[in-house]
Amino acid sequence: MLGKYSVGTGDRFAHQAKAQLKACIQALDSGIEVIPVWNKSNREHNIIGSEPSSVRTAADDAARALDWRLPYFLDADHITLETVGRFLAPCDFYTIDVADFIGQPADAADIDEFVARRSSLAGKIQLPGIDVPFEISSDDLRHTAQKFLAAIKIAGQVYRTILAAKGEGNFVPEVSMDETDRAQSPVELLIILAAIADEGITIQTIAPKFSGRFNKGVDYVGDLAQFEREFALDVAAIQYAVAHFGLPANLKLSVHSGSDKFSIYPAIHRTMKKFDAGVHLKTAGTTWLEELIGLAESGGAGLALAKEIYAEAFSHREELCAPYATVIDIVPARLPSPTEVSAWTSEQYTSALRHVPNAPAYNSSLRQLLHVGFKVAAKMGPRYLSLLESNETIIGLNVTENLYNRHIAPVFLGRNA
Ligand SMILES: [Zn+2]
């Protein structure tokens with residue numbers, strides 16, 4: 001069972017598990033249990049050329065080295081029926097991604113059956129902690145089933161594949177619907193949860209798509225008040241679903257943040273407090289940017305390599321950005337030329353890259369380009385990895401500080417970064 005508070009972190013090159021775990025130890029020292037989950041998608045493994053078992057080794061080694069006695073998990077991130085196989089042995093958390101099946105036609109008989117079985121949801125529902133009753137029409141019920149039932153049936157297939165391999169109670173199932181164009185409303189979320197319960201999936205976390213833009217590695221863009229309203233309704237819908245649909249009591253929202261959604265962290269924290277709710281905060285691969293910051297900070301060969309990576313990423317920016325086109329907004333005119341960057345000091349490089357939104361030198365275009373540029377470092381292979389190893393201390397400090405101060409403390413402790 002996943003604990004109430006958990007944080008998903010990425011570690012593209014499998015060198016920072018200890019530094020990341022130190023952030024959870026710091027949380028524990030501040031009086032709060034935040035369970036670490038290491039997430040890595042099939043796409044990431046393919047780009048890096050790594051196997052899921054390497055994540056297991058890194059996590060187990062870190063837990064042993066730091067004497068971490070609480071649970072920790074390995075998330076097979078955004079897996080499907082086609083990709084789940086290689087994650088069955090090493091992982092114990094599965095983000096079942098069915099976004100591609102949203103909107104696909106479900107069997108007409110299945111839809112009728114669902115609408116009939118859940119007809120009592122149509123009408124006014126009083127959600128816990130929400131003053132205004134939730135209104136669901138029978139059209140909402142049918143339209144939501146038409147749009148999502150096929151995807152949920154697929155989630156059931158993936159779930160049963162994992163269940164057959166691992167056995168009940170030996171893994172955390174999540175269903176994710178975030179990588180799609182349109183946000184799901186709280187009404188849709190409630191109906192989706194009913195269908196997930198009917199499918200027999202014992203989900204512990206669900207990742208809807210929220211309103212607003214969740215670009216990779218940079219802050220949230222959207223209406224903060226609307227986000228907070230919807231987030232509260234989502235949390236209330238989950239509490240209702242636990243009470244009425246027989247879903248696991250620890251079911252909670254999984255926020256696939258794409259990292260660094262600093263401006264919504266206070267709203268998430270307030271809502272968690274108000275509803276006494278848990279949350280899983282999934283951050284993406286910004287740990288790799290902390291590696292670059294640490295290398296740049298170390299000067300010498302580290303700084304030279306960080307500059308070389310920028311130059312390579314700059315000259316291949318179109319191909320690097322293509323797979324992430326919907327989740328990045330780079331302004332080409334804001335990207336410094338590699339010649340300019342080659343003359344930078346450590347301080348200039350780190351202050352352009354480090355995510356301090358109001359700092360004058362911070363450059364979100366450069367940050368986003370480097371964020372998707374991990375393929376460049378992957379291609380360097382041992383050259384990159386050996387510099388990570390020789391600069392382990394300075395990089396580790398950046399990784400821990402970033403995860404604790406900029407993510408864990410604001411979300412789980414309500415402290416500003
Ligand atoms: Zn996601």
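The structure we're discussing is the one just above.
Quick look at the structure, then. (Residues numbered from 1 in each chain as written. Predicted model: local features only at pLDDT ≥ 70, side-chain atom pairs only at ≥ 80, totals over all residues. Heavy atoms only, no water.)

Attention shifts here to the environment of alanine 322. With respect to the helices, strands and loops of the structure, alanine 322 is situated in the loop between α11 (317-321) and α12 (338-342). On the accessibility criterion, alanine 322 (49% relative accessible area) is partly exposed. Measuring from C-alpha to C-alpha, the distance between alanine 322 and valine 372 comes to 9.6 Å, with 50 residues separating the pair along the chain. (Helix = DSSP H or I, 4+ residues; strand = E, 2+ residues; numbered from the N terminus. Buried < 20%, exposed > 50% of the residue type's maximum accessible area, 1.4 Å probe, protein only.)

Here we take up the environment of asparagine 39. Tracing the backbone through its elements, the reader meets asparagine 39 in strand β2 (residues 35-41). For asparagine 39, a relative accessible area of 4% puts it in the buried group. Distance from asparagine 39 to tyrosine 94, taken between C-alpha atoms, is 9.3 Å for residues 55 residues apart in sequence.

On to the coordination of the zinc ion, then. Taken together, the protein donors to the zinc ion comprise His78 (NE2), Asp178 (OD) and His256 (ND1), at separations of 2.0 to 2.2 Å. Positions of the donor residues of the zinc ion, expressed as sequence spacing, correspond to H-x99-D-x77-H. One end of the pair, aspartate 178, is in the loop between β7 (172-176) and α6 (186-198); the other, histidine 256, is in strand β9 (residues 252-256), with 78 residues separating them in the sequence. What makes histidine 256 buried here is its relative accessible area of 10%. (Donors = N, O, S within 2.8 Å, 3.2 Å for Na, K, Ca; no water.)

Two numbers describe how helix α9 (residues 287-298) lies on helix α14 (residues 364-372): the axes approach to 9 Å, and their chain directions differ by 110°. Considering their axes alone, α9 and α14 lie roughly perpendicular with respect to each other. Contacts from Trp288, Leu289 and Leu292 in α9 reach Arg367, Leu370 and His371 in α14. (Axes fitted to C-alpha atoms, helices over the stretch in contact; angles between N-to-C directions. Parallel < 35°, antiparallel > 145°, perpendicular 65-115°, else oblique. Contact = heavy atoms within 4.5 Å.)

This part covers unusual backbone geometry. In this model, aspartate 67 sits at a positive phi of 55°, which is unusual for a non-glycine residue. According to the relative accessible area criterion, aspartate 67 is partly exposed, its value standing at 46%.

What follows covers helix α1 (residues 17-29). Compared with an ideal rise of 1.5 Å per residue, which puts 13 residues at 18 Å, α1 spans 18 Å between its outermost C-alpha atoms and is within 8% of the ideal. Within α1, burial applies to Ala17, Ala19, Gln20, Leu21, Ala23, Cys24 and Ala27. Contact partners of the buried residues in α1: β1 (5-9), β2, α3 (52-65), α9 and α17 (392-413). (Expected span 1.5 Å × (residues − 1).)

When helix α8 (residues 265-275) is considered as a whole, its buried residues turn out to be Tyr265, Ala267, Ile268, His269, Thr271, Met272 and Phe275. Here the buried face of α8 lies against β1, α7 (224-245), β9, β10 (279-282) and α17. Directly after α8, the chain includes aspartate 276, whose backbone phi takes a positive value near 50°.

Our focus in this paragraph is the pairing of β7. In terms of burial, β7 is largely enclosed, as five of its five residues are buried. Of the two faces of β7, both are covered, the one formed by Val172, Glu174 and Ser176 as well as the one formed by Pro173 and Val175. Where strand β4 (residues 93-97) meets β7, five bridges bridge the pair, whose relative direction is parallel. By the bridge assignment for β7, phenylalanine 93 is matched with valine 172. Bridge count between β7 and strand β8 (residues 205-207): three bridges; the pairing is parallel. Considered in β8, the bridge of valine 175 is made with isoleucine 206. Once you follow β7 into α6 and on to β8, the crossover reads as right-handed. (Pairing = 2+ DSSP bridges. Right-handed = clockwise from strand over helix to strand, strands pointing away.)

Bringing the sheet that holds β10 into the picture now. Strands sit in the order β1-β2-β3-β4-β7-β8-β9-β10 around a closed barrel of eight strands; the barrel is parallel. Neighbour to neighbour, the strand axes of the sheet diverge by 25° on average, direction disregarded. Bridging between strand β3 (residues 73-79) and β4 involves three bridges; their strand directions are parallel. Paired with isoleucine 79 across the strands is isoleucine 96, a residue of β4. Docked against the sheet, α17 engages β1 and β10, running at close to 150° with respect to β1.

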